[in-house]
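Descriptive structure summary
Chain by chain, the residues:
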Amino acid sequence: MKRFRFEAYGYIKDMFAQHHMVKRVVLSLISIIVMGFGISLFSVSGFGVDPFTSMNMNVASTIGIGFGTYQLIVNFVILLYVIIVAHRGLVGVGTVFNMVGCGYVCEFFQNIFEPMVKEHYTLALRVPLLAAGIITLCFACSLFFTANVGVGPYDALGFMLSRGIKLEYKWVRIITDLTVVLVGLVISGGLTSLLHGNFAGVHNIGIGTVITAFCMGPLINMFNKYVSAKILNVDYEKISKDVAFFMIKGAMLKNSVPVAVGQRRQNISSKMSTNR
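Residues numbered from 1 in each chain as written. Predicted model: local features only at pLDDT ≥ 70, side-chain atom pairs only at ≥ 80, totals over all residues. Heavy atoms only, no water.

Here we come to helix 2 (residues 21-45). The end-to-end C-alpha separation of helix 2 is 36 Å, in line with the 36 Å expected for 25 residues at 1.5 Å each. The positive-phi residue at the C-terminal boundary of helix 2 is Gly46, with phi of around 80 degrees. (Helix = DSSP H or I, 4+ residues; strand = E, 2+ residues; numbered from the N terminus. Expected span 1.5 Å × (residues − 1).)

Here it is in structure tokens:
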């Protein structure tokens, strides 16, 4: 119970320690809406989506559950692991927005766009949808990271694995991305179709998935520098190699709270003993 109180105190203190907190929270919420919109454009283009979304979409369609609901469940499970094992610096109100909102927003816009593009589903339409999806998603991710009120559960998992196995985050991210893609392929039957040369049986994976793996980082950094950083008057050029590294640095205040509280109590006890 004491540990829980210390944890809660750390969350609250860190939350209000940041400047422009209301603005950060609002921007984080807006970024999730834009993010869901961008992912829906990806999905409707038919060129594949990002690795984590591809797994969730494939599994959700296989077991007959809505994408938004399934993604919420998966994110909740990951979040529990992060909270129990990880430091609190990766979790914040933005984490909750990401966990709850992203899947449902994507599902909402996807249901709107799919009937609209179905009659004109040609490369002339799909390519612009893919490009718009990439740009929109990268801008949303940049805005979300810049708000700095928590990372998404899947991103937090990558950070924790990176710290646990002492491997650079970028390599851990490649491993986790390949893993979730493979899980989605196996459960949906896409891997079997692929091995038999039936590419039509592979869903939610394509050139768009590859593009997100290689192009999102540079594009997000560009938006960080020229758009998002200016909105909150911050500078993240020093961390351009890892657009979310500052999240870990932001955990320092939180992690120091239980230690500080414990040290203060120890000092008080020592003084009382000396007085006796």
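Picking up where we left off.
To continue, consider the pattern of salt bridges. Tallied over the full model, the rule gives 2 salt bridges. Of the charged contacts in the structure, one is a salt bridge between Arg173 and Asp155, with a shortest N-O distance of 2.6 Å. Here Asp155 lies in helix 7 (residues 153-165) and Arg173 lies in helix 8 (residues 169-188), a separation of 18 residues in the sequence. Asp177 is the partner of Arg173 in a salt bridge, and the nearest nitrogen-oxygen pair spans 3.2 Å. Note that Arg173 and Asp177 are positioned in helix 8 at a spacing of 4 residues, about one turn of the helix. Since its relative accessible area comes to 23%, Arg173 is described here as partly exposed. The buried category is assigned to Asp177, whose relative accessible area is 14%. A cluster of three or more residues bridged by salt bridges with shared partners is formed by Asp155, Arg173 and Asp177. (Salt bridge = Lys/Arg side-chain N within 4 Å of Asp/Glu carboxyl O. Buried < 20%, exposed > 50% of the residue type's maximum accessible area, 1.4 Å probe, protein only.)

Okay, unusual backbone geometry next. Of note, the phi angle at Asn148 is positive, near 55 degrees, even though the residue is not glycine. Tracing the chain through its elements places Asn148 in the loop between helix 6 (123-147) and helix 7. Backbone geometry at Lys166 places phi at a positive 60 degrees, although glycine is not the residue there. Checked against the element boundaries, Lys166 lands in the loop between helix 7 and helix 8.

Let's shift gears to the packing of helix 3 (residues 51-63) against helix 8. The N-to-C vectors of helix 3 and helix 8 enclose an angle of 20 degrees; their axes lie 8 Å apart at closest approach. Viewed along their axes, helix 3 and helix 8 adopt a mutual orientation that is roughly parallel. Our pair here, helix 3 against helix 8, has a crossing hand that is left-handed. Between helix 3 and helix 8, the contacting residues are Pro51, Phe52, Ser54, Met55, Asn58, Val59 and Thr62 on the first element and Asp177, Val180, Val181, Val183, Gly184, Leu185, Ile187 and Ser188 on the second. Of the residues assigned to the contact of helix 3 with helix 8, the class counts are 9 nonpolar, 5 polar and 1 charged. (Axes fitted to C-alpha atoms, helices over the stretch in contact; angles between N-to-C directions. Parallel < 35°, antiparallel > 145°, perpendicular 65-115°, else oblique. Left-handed = near helix turned anticlockwise from the far one by under 90°. Contact = heavy atoms within 4.5 Å. Nonpolar A, V, L, I, M, F, W, Y, C, P; charged D, E, K, R; others polar.)

Any functional reading would require information beyond the geometric quantities listed.
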